[in-house]
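As a plain string of letters, each chain reads:
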Amino acid sequence: MKSRRATPQTADLFAAADAVFAPHSKPPKPRLSRYAGGMPPTPLPAGSPRPRQLWYAVVFPELFYVEHSAAVLQRLCLHAQAFTSFVSIEPPNALLLEIRGSLKLLGPLEHLHANLDACWRRLALKAQSATAPSTLAALWFARAGESVSGRPVIVEDVATLPGQMATLPLACTCWDAGHLQTLRSMGVTRMGELLRLPRAGIARRFGTDRVQDLDVALGRQSAPRRAFVPRERFRERCDFETEIEHAAYLEKALEPLIARCAQFLRERQAGVQALQLKLRHREGPATRVRLGLASVTSERRRLTDVLIQKLERLELAAPVRGMELISGSLQPLSAGSLDAFAGLAGTRAGRGRDSVPHLVERLRARFGDEAVYGVRSIAEHRPEAAWRRVHDLRFVSRGSQTAVQGTSEHGMPRPVWLLDEPALLPQQPVQLLKDGWILEQGPERIESGWWDGSGVARDYYIARYAQGARLWIFRERQSKRWYLHGMFA
Amino acid sequence: MPRDLSSLADILADARVWKLKDASAAPTRPVWSTGNSALDARLPGGGWPTASLIEVLLDQTGLGEVQLFLPALVECQRNIGPGRSDDAPWLVWIAPPHEPYAPALAQQGIELGRLLVVRPPSATEALWAAEQALGSGVCAAVLLWLKGSDDRWLRRLKLAAEAGGALGVLFRPERHRFESSPATLRLMMTQGEQEARLDLLKVQGGRPGPVDLGSP
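Rules behind the numbers
- Residues numbered from 1 in each chain as written.
- Chains lettered and ligands numbered in written order.
- Predicted model: local features only at pLDDT ≥ 70, side-chain atom pairs only at ≥ 80, totals over all residues.
- Helix = DSSP H or I, 4+ residues; strand = E, 2+ residues; numbered from the N terminus.
- Buried ≥ 20, exposed ≤ 12 C-beta atoms within 10 Å, placed from the backbone.
- Contact = placed C-beta atoms within 7 Å.
- Pairing = 2+ DSSP bridges.
- Axes fitted to C-alpha atoms, helices over the stretch in contact; angles between N-to-C directions.
- Parallel < 35°, antiparallel > 145°, perpendicular 65-115°, else oblique.
- Left-handed = near helix turned anticlockwise from the far one by under 90°.
- pLDDT = per-residue confidence, 0-100.

## With respect to the overall build of chain B
- Helices and strands together make up the secondary structure of chain B, namely seven helices and eleven strands.
- Among the 216 residues that make up chain B, the fraction classed as buried is 48%.
- Considering only contacts within chain B whose residues lie at least 6 apart along the sequence, 68% involve residues at least 24 apart.

## Some details on the overall build of chain A
- Helix and strand content of chain A: 17 helices and 17 strands.
- In chain A, the share of contacts with a sequence separation of at least 24, taken over all contacts with a separation of at least 6, comes to 62%.

## Quick word on the pairing of strand E4 (residues 90-94) of chain B
All names here are of chain B.
- Burial analysis of E4 places five of its five residues in the buried class, which makes it a mostly covered element.
- Burial along E4 is two-sided: Trp 90, Val 92 and Ile 94 facing one way and Leu 91 and Trp 93 facing the other are all buried.
- The pairing of E4 with strand E7 (residues 139-145) spans five bridges and is parallel. Note that in E7 the partner of Trp 90 across the bridge is Cys 139.
- Where E4 lies against strand E6 (residues 115-118), four bridges are found, and the strand directions are parallel. Note that in E6 the partner of Trp 93 across the bridge is Val 117.

## With respect to the packing of helix H7 (residues 135-144) of chain A against helix H12 (residues 208-217) of chain A
All names here are of chain A.
- Here H7 crosses H12 at 90 degrees, and the two axes come no closer than 6 Å. On the basis of their axis angle, the class for H7 and H12 is roughly perpendicular. Facing Thr 135, Leu 136, Ala 137 and Trp 140 of H7, the residues of H12 in contact are Asp 213, Val 216 and Ala 217.

## Remarks on the pairing of strand E8 (residues 287-297) of chain A
All names here are of chain A.
- Across seven bridges, the pairing between strand E7 (residues 270-281) and E8 is antiparallel. Each residue of the ladder has a partner; that of Leu 277, found in E8, is Val 289.
- Adjacent in sequence and paired antiparallel, E7 and E8 are bridged by five residues, among which Gly 284 carries a positive phi angle near 85 degrees.

## Section: the packing of helix H13 (residues 247-267) of chain A against helix H14 (residues 300-312) of chain A
All names here are of chain A.
- Packing of H13 against H14 leaves a shortest axis separation of 10 Å and a crossing angle of 155 degrees. In terms of axis orientation, H13 runs roughly antiparallel to H14. By crossing handedness, the relation of H13 to H14 is classed as right-handed. Across the interface between the two elements, Ala 247, Leu 250, Glu 251, Leu 254, Ile 258, Ala 259, Cys 261 and Ala 262 from H13 touch Arg 300, Leu 303, Thr 304, Leu 307, Ile 308, Leu 311 and Glu 312 from H14.

## Some details on the confidence of the model for chain A
Residues and elements named next belong to chain A.
- Of the residues in chain A, 80% reach a pLDDT of 70 or more, and the chain-wide mean stands at 77.
- Of the regions scoring below 50 in pLDDT, residues 1-48 engages in 53 contacts with residues more than four places distant in sequence or in other chains.
- Every residue in residues 399-408 is under pLDDT 50, and counting partners more than four places away or in other chains gives twelve contacts.

## Notes on the sheet that holds strand E10 (residues 197-203) of chain B
- Reading across the sheet, the ten strands line up as E12(A)-E11(A)-E6(B)-E4(B)-E7(B)-E8(B)-E3(B)-E9(B)-E10(B)-E11(B) and stay open at both edges, with mixed pairing between neighbours. The sheet is open, and its two borders are formed by strand E12 (387-390) of chain A together with strand E11 (209-211) of chain B, each paired with just one other strand. With direction set aside, neighbouring strand axes in the sheet form an average angle of 25 degrees.
- Relative to E12 of chain A, strand E11 (residues 372-377) of chain A is paired through four bridges, and the arrangement is antiparallel. Opposite Gly 374 of chain A, over in E12 of chain A, you have Val 390 of chain A as the bridge partner.
- This element, helix H4 (residues 70-78) of chain B, spans E4, E7 and strand E8 (167-172) of chain B of the sheet and lies at about 150 degrees to E7 of chain B.
- Where helix H6 (residues 123-135) of chain B meets the sheet, its contacts fall on E4, E6, E7 and E8 of chain B, and the angle it forms with E7 of chain B comes to roughly 170 degrees.

In structure tokens form, the structure reads like this:
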């Protein structure tokens, strides 16, 4: 193998090129196997005729000079995805579509090709297109445009590819200008002339990449491409004809945006947990309204409710000229998510039209995230540390939540209200008892937390006021002072 | 007109006709036991009515006013009525005067994972929140603490409670005692000689008067 690569083979012409220019002499298999020049091509295994790919390439000459051509191409990809699931971007101004898979549904080929061309025409875009069994061939044909035959080039059979490519000007390969100049000075301006040159010579002079390009173009080597994946985010703006000064009027304008957003989500069977509304003013930075939802949703009514709640409380700094609705990243709607069967529940129960996340969202949209919370108890002896607020609410279905919060085995009952800070009782215990206080239960000694610096050493009592109020008081053991810590409401 | 008077059954079926018998008889809607037999006996149906508004008047906390409702709250969290969706038994506490102490509630059997505390910035906002929670149909009970509010809002709360099938409990200062109220039940808690006193001010389908709670 090594020695073979080292010896330049003058007769080592491109087999397919031979086949074209001497059509009756089929390239025999052994010749293909001798093909070791720069790198071994990977011909398809003879025994298994795999269905070849078919590529439709479209070049937009105008986009060559456009600054943000990438964004435009991405948008064009979305149009192209109506025809095939595999669309690939070829910067700066071309798209490649795999259309073999679409032929059954949208074929025949001429029909599909014409439909694709019509799509660009509808968008008022100047486009050059071609179809070929390999990506590069299709691209080169498209770049060459219709100048070759007057009609778009459509090559379906890989065997006829080299012949069709023979007349292609080399400029359409977009290779390095220096290389093209060298080739021109050698008298090589057409693809056919290049294909007749020895492979090893090309590899030596112009680099193995050029040989590889030719292999790919002729369909001898596969060149995997990356498919375009649409950006999964909803973003749409709407501009007003007149400036809007009151937030109330924004709601009307917002409705179609939300409807489209909900539609967008439904089509993708996804939901969002965050949204952002940007209100643009004539000058100054845009007002951003961010909102979070308690759970992933795609429900239009929930989105509307939350946004309108926010808008109602919004003070507009300046009149609004336009707005933009931007969704957060899409998340799949899981089967367990609560609104998957929201509609069903509504019809069955008649009035179960709401869900808990929905309610929480509405409350939070109005009062802020901090104002709506849950509570949990913690296994801890110090009363003030035995609970905490929970802002990350979980909406698990009933039953899956077992009683994790082991009901504390405190001897004494705990009060329903706990003061934020223990309040120092002004009177001395003797005075308290004289005033009609009764110590009903106690003492319960709580001595804990010495290790983290906020240790307590207290004796707790349940005291009853003469008039019936029951309080939770304690005596600090060191200072011997009495504090009120809770109320048995 | 003659068509309207065709039969007694038709007249009775008319929603505009209020039937006295039904009002005094035991209500068909379910009730939650108060956990106190003396109080149960005084309430029509033997417990707190669901899907209604209860008003508690008191000036001082610590009288065991929440304790009156805790057994019912535990019960309604455990039981889901027929036809209710799976996520029904939530409790919402709006503007409580102090922090609800989680260990105490857990001790009493409240499922803390389904308790929501809301702290609205003002009384009007609190009423709005209560109306939303009551009418949402996902809450078993909504407890609301207010310094004061007008009759119009209470009527809205009552309608929301009936629509959402939730028990609404409103705690208000005693000075509202002589105002009219659309609540189904009105209680007043005051300090007594030894224990707190409970007075039933208004009982739809029952008899008002003081209740001896006895030993709880």
